[in-house]
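# Analysis of the macromolecular model
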Amino acid sequence: MSSALTDLCRYPIVQAPMAGGASCPQLVAAVSEAGGLGFLAAGYKTADGMYNEIKQLRGLTGQPFGVNLFMPQPALADPSAVEVYRHQLAGEAAWYETPLGDPDTGGDDNYDAKLAVLLDDPVPAVSFTFGCPTRDTLDAFAGVGTYTVVTVTTPEEAQTAQWAGADALCVQGIEAGGHQSTHRDDPQTDGTGIGLLSLVSQVRETVQIPIVATGGLMRGSQIAAVLAAGAEAAQLGTAFLVCPESGANPLHKQALTNPLFVRTALTRVFSGRPARGLVNRFMREHGPYAPAAYPQVHYLTAGLRKAAAKAGDAQGMALWAGQGHRMARELPAGRLVRLLAEELDAARTAVSTGSTQ
């Protein structure tokens, strides 16, 4: 690993920031304490909510950690398309006995307020999703000693992030669970993302800054593969989702290895932006009609998702999961970090000795 990443974690293992509650302080602390790099997810939180979680996390660990921010989104959604989708979901609202949410809650995710908090009281690392910050913002973080990571899905986005002054890239393959972190949400490109190994190799030939690879990774041998392709570290989300420290809903955790859910797919059904999750009833019934409207659809369906969870109905929830979800292991987060590190060492040893085992 590059010296800066080495300073942040003993092992080249990063716990992905999973918005919606999974990446809680307890999970992040357990990962960082074990030698990985844990990330808090600040998406969908207020600036005060983010600050309180950082304060709680600092009480749990003195090890480095990161915070992930969502970039503000341009107002591109067609209000009429959102209204049509609202009518499409009327039956769901009646079934779960809950009103649909207000799609016009806002698209900036309290970005400026969160920047102010993180620059006033710096954390070791900050990553960005759904776009690239300005050079001034990245320079400001550099000035307070914060390591910056920009999530990218193409070599072109990687170049943009390097030019803007990012310290590193989180290179996301199409196998990844949750939202695809494209910088521009273009419906014409839905499903055309690049597989992780190919993407890491392409980005490695495009930029000079460190790469953190993410997308479908569940085993130390897979981490070895992306490191061999040119990454300095690997980021895993779904692998940590089932840990007891994870704040994910128990139904979500159970669904990852439930034979009832046989595959994942990219969908706009819950948020209006492409995201990979377990295919369930809600996705099958409404996916074909979901508009390109983020975060409007996210706020529109928020109440439905909460009501489904409260009712114990996984068929109405957003079950975000990467393609490797069936390989999830229900282990304490610290133990999982150490096991991944052991598997990584074993894979490297097998390659160096020419073993086929």
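We now turn to the structure provided with this report. In this text the structure is predicted, and so the values were computed from the model without any measurement. (Residues numbered from 1 in each chain as written. Predicted model: local features only at pLDDT ≥ 70, side-chain atom pairs only at ≥ 80, totals over all residues. Heavy atoms only, no water.)

### Some points on empty space enclosed by the protein
Quick note on the threshold: Buriedness of a pocket was judged along seven lines, with at least five required to meet protein on both sides within 12 Å; pockets are open sets of points on a 1 Å grid over the protein atoms alone, cavities are sets where a 1.4 Å probe fits but cannot get out, and lining residues have an atom within 4 Å of a point. Grid points are joined across faces, edges and corners, and a volume is the space filled by probe spheres set on the points. Here the term charged refers only to Asp, Glu, Lys and Arg, the term nonpolar to Ala, Val, Leu, Ile, Met, Phe, Trp, Tyr, Cys and Pro, and the term polar to all other amino acids, Gly among them.
Tallying each qualifying case throughout the model produces two cavities of 30 Å³ or more. As a volume, the largest cavity reaches approximately 70 Å³. If you trace the largest cavity, you find it lined by Leu5, Val14, Leu37, Phe39, Ser127, Val149, Cys170, Val212 and Gln235. Partitioned by chemical class, the residues of the lining of the largest cavity number seven nonpolar, two polar and no charged. Approximately 50 Å³ is the volume attributed to the second largest cavity. Lining the second largest cavity are Tyr44, Phe70, Met71, Gln73, Gly106, Gly107, Asp109, Phe130, Tyr294, Pro295 and Tyr299. For the lining of the second largest cavity, the per-class residue count stands at seven nonpolar, three polar and one charged.

### Digging into the environment of Ala275
Test applied: Runs of E in the DSSP output that reach at least two residues are strands. Runs of H or I that reach at least four are helices, and both are numbered from the N terminus. Exposure categories follow from relative accessible area, calculated using a 1.4 Å probe and restricted to protein chains: below 20% of the type maximum is buried, above 50% is exposed, and the middle band is partly exposed.
Note on placement: Ala275 falls in strand 11 (residues 275-278). Here Ala275 falls in the buried class, since its relative accessible area comes to 0%.

### What to know about the pattern of salt bridges
Charged atoms that come close allow side chains of opposite charge to pair. Stated precisely, the cut-off is as follows: Here a salt bridge means any side-chain nitrogen of Lys or Arg lying within 4 Å of a carboxyl oxygen belonging to Asp or Glu.
Here the structure, examined in full by the defined rule, presents 13 salt bridges. Arg135 is the salt-bridge partner of Asp139, the closest N and O atoms lying 4.0 Å from each other. Here Arg135 and Asp139 lie together in helix 7 (residues 135-143), a separation of four residues that amounts to about one turn. Measuring nitrogen to oxygen at the nearest pair gives 2.8 Å for the salt bridge that ties Asp185 to Arg268. Here Arg268 lies in the loop between strand 10 (264-267) and strand 11 and Asp185 lies in the loop between strand 7 (178-179) and helix 9 (196-204), a separation of 83 residues in the sequence. Relative accessible area serves as the criterion here: at 7%, Arg268 is assigned to the buried category. Overlapping salt bridges bring together Glu92, Arg281 and Glu285 as one network.

### Here we look at the nonpolar core
How we decide: In this text, buried Ala, Val, Leu, Ile, Met, Phe, Trp, Tyr and Cys residues form a nonpolar core when linked through side-chain atoms within 4.5 Å. Contact definition: two residues touch when any of their heavy atoms are within 4.5 Å.
Judged by nonpolar contacts, the single largest core of 98 residues is most densely connected at Val67, Leu69, Leu118, Phe128, Leu169, Leu236 and Phe240. Here the element with the most residues in this core is helix 15 (residues 333-353); it accounts for seven residues. When neighbours within four sequence positions are excluded, Leu169 is seen to be in contact with Val149, Val150, Val152, Ala158, Ala161, Val203, Val207, Ile209, Pro210, Ile211 and Val212. Grouped together as the second largest cluster of nonpolar side chains are 13 residues, Leu5, Leu8, Leu37 and Cys170 included.

### A look at the sheet that holds strand 10
Put simply, the test is: At least two DSSP bridges between two strands are needed for those strands to be called paired.
Taken in spatial order, the three strands of this open sheet run 7-11-10, and their pairing is antiparallel. Among the strands making up the open sheet, the edge pair consists of strand 7 and strand 10. Here strand 10 runs beside strand 11; their pairing, made up of four bridges, is antiparallel. Looking at strand 11, one finds that Leu266 is bridged to Arg276.

### Remarks on helix 14 (residues 296-310)
Applicable threshold: Here a helix's expected span is defined as the number of its residues, less one, multiplied by 1.5 Å. Values of bend correspond, residue by residue, to the angle between axes fitted over the seven residues ending at that residue and the seven starting there.
With 15 residues, helix 14 extends 22 Å between its outermost C-alpha atoms, agreeing within 8% with the 21 Å of an ideal straight helix rising 1.5 Å per residue. Considering bend angle alone, the principal kink of helix 14 is centred on Ala302 and spans about 40°. Counted residue by residue, helix 14 has eleven buried out of 15 residues, so it is predominantly covered. For helix 14, the set of buried residues is Gln296, Val297, His298, Tyr299, Leu300, Thr301, Ala302, Leu304, Arg305, Ala307 and Ala308. Considering only its buried residues, helix 14 is in contact with helix 4 (79-88), helix 5 (90-96) and helix 13 (281-286). Among the residues trailing helix 14, Gly312 stands out with phi positive, at a value near 75°.

### As for the sheet that holds strand 5 (residues 147-152)
What counts here: Axis lines are fitted to C-alpha atoms, over the contacting stretch for helices. Their N-to-C directions set the angle, which ranges from 0 to 180 degrees.
Taken in spatial order, the eight strands make up an open sheet running 1-9-8-6-5-4-3-2, and their pairing is parallel. Whereas interior strands pair on both sides, the edge strands pair on one side only; in this sheet they are strand 1 (13-15) and strand 2 (38-41). Going across the sheet, the axis of each strand differs from the next one's by a mean of 25°, ignoring polarity. Two elements, strand 4 (residues 125-129) and strand 5, share four bridges in a ladder whose sense is parallel. Along strand 5, the bridge assignment pairs Val126 with Thr148. Relative to strand 3 (residues 65-70), helix 6 (residues 111-120) is tilted by about 160°, and along the sheet it contacts strand 3 and strand 4.

### Structural notes on the packing of aromatic side chains
Applied cut-off: Any Phe, Tyr or Trp ring, taking Trp's six-membered ring, that has another such ring centre within 6.5 Å forms a pair; planes under 30 degrees apart are called stacked, those over 60 apart edge-to-face, and the others tilted.
For the coordinates displayed, the defined rule picks out six aromatic pairs. Here the aromatic rings of Phe128 and Phe141 are separated by 6.1 Å at their centres, their planes lie at 65°, and the arrangement is edge-to-face. Within this pair, whereas Phe128 is found in strand 4, its partner Phe141 is found in helix 7, the two being separated by 13 residues in sequence. Given the relative accessible area of 0%, Phe128 is considered buried. What makes Phe141 buried here is its relative accessible area of 0%. Geometrically, the ring pair formed by Phe130 and Tyr294 is edge-to-face, given 5.2 Å between the ring centres and 65° between the ring planes. You can see Phe130 sitting in the loop between strand 4 and helix 7 and its partner Tyr294 sitting in the loop between helix 13 and helix 14, a full 164 residues away along the chain. The burial state of Phe130 is the same as that of Tyr294; both residues are buried. Put simply, the rings of Tyr44, Phe70, Phe130 and Tyr294 pair up and form one aromatic cluster.

Any functional reading would require information beyond the geometric quantities listed.
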